[in-house]
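Listed below are the residues making up each chain.
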Amino acid sequence: MVRMTLVLPIDPEANRLLERSPLALLVGMVLDQQVPMEKAFSSPYVLQQRLGHELDAAELAGYDPEALVALFAEPPALHRFPKAMAVRVQEVCQVLVERYDGDAALLWAEVADGPELLRRVAALPGFGKQKAQIFVALLGKRFGVTPQDWRKAAGDYGDPGAYRSVADVTDADSLRRVREFKQQMKAAAKAKASGG
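Residues numbered from 1 in each chain as written. Predicted model: local features only at pLDDT ≥ 70, side-chain atom pairs only at ≥ 80, totals over all residues. Heavy atoms only, no water.

Bringing the packing of aromatic side chains into the picture now. The full count for this structure, using the stated rule, is 2 aromatic pairs. Between Trp 108 and Phe 135, the ring centres sit 5.8 Å apart and the planes meet at 65°, which makes this aromatic pair edge-to-face. Placement of the pair is Trp 108 in the loop between helix 6 (82-100) and helix 7 (114-122) and Phe 135 in helix 8 (residues 129-143), with a sequence separation of 27 residues. Assigned by exposure class, Trp 108 and Phe 135 land together as buried. Aromatic side chains Phe 127 and Phe 135 sit 6.3 Å apart centroid to centroid with 70° between the ring planes, which places their arrangement in the edge-to-face category. For Phe 127, a relative accessible area of 6% corresponds to the buried category. Residue classification places Phe 135 among the buried positions, given a relative accessible area of 0%. (Phe/Tyr/Trp six-rings, centres within 6.5 Å; stacked < 30°, edge-to-face > 60°. Helix = DSSP H or I, 4+ residues; strand = E, 2+ residues; numbered from the N terminus. Buried < 20%, exposed > 50% of the residue type's maximum accessible area, 1.4 Å probe, protein only.)

With that settled, the discussion passes to the nonpolar core. In this structure, Phe 41 and Phe 135 are the most contacted members of the largest nonpolar core, which totals 64 residues. Among all residues touching Phe 41, those that are not within four sequence positions of it are Leu 8, Ile 10, Leu 18, Leu 25, Gly 28, Met 29, Asp 32, Leu 138 and Val 166. (Core = buried A, V, L, I, M, F, W, Y, C linked by side-chain atoms within 4.5 Å. Contact = heavy atoms within 4.5 Å.)

What follows is about the pattern of salt bridges. Evaluated as defined, the whole model comprises 10 salt bridges. As a salt-bridge pair, Arg 20 and Glu 54 come within 2.6 Å of each other at their nearest N and O atoms. Here Glu 54 lies in the loop between helix 3 (37-51) and helix 4 (57-62) and Arg 20 lies in helix 1 (residues 12-20), a separation of 34 residues in the sequence. A salt bridge links Glu 180 to Arg 176; the nearest nitrogen and oxygen atoms lie 2.9 Å apart. Separated by 4 residues within a single helix, Glu 180 and Arg 176 lie in helix 10 (residues 172-193), roughly one turn from each other. Here Arg 176 falls in the partly exposed class, since its relative accessible area comes to 41%. Salt bridges linked by common partners bring Asp 173, Arg 176, Arg 177 and Glu 180 together as one network. (Salt bridge = Lys/Arg side-chain N within 4 Å of Asp/Glu carboxyl O.)

Here is the structure:
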């Protein structure tokens, strides 16, 4: 797999973990909702520090649920909703163990094409179409996972030159542009909901 860089304004060690650990990257994506992306994608590093060793899907899948919630809730909490996210991370790890031998990289290894990759990701607990498309775009744009038609499968998130998601963050300027896009989307959704 071609390694590219994911550059978020987080601890450099947290960035390096995302680059070397497919599981950390996937956990970051699981957590990437209702918190800033920096929080979501730095939390796998904090979780690893709390565990005292590399993240392991089989270990997390079989972890005592209450103890895992406690790890997530310990200040500073790993997410705004530590209990729900501990459950979600555990469910995702259980799927990795059942279908991919506990190896997150097998989720995207040897996929026939982009649509198959999207189907695999969308089958994970908590991954709706949009979240799955963002992860496909992240894999393609930052990690060189580019099966045929991956951009099409990623929808608008796969567009080159787009600034829509974590997949497009390479520096401070791109992060600012992604934030602006998200704020515009939020404002448009709010206006639509209020009938404006």
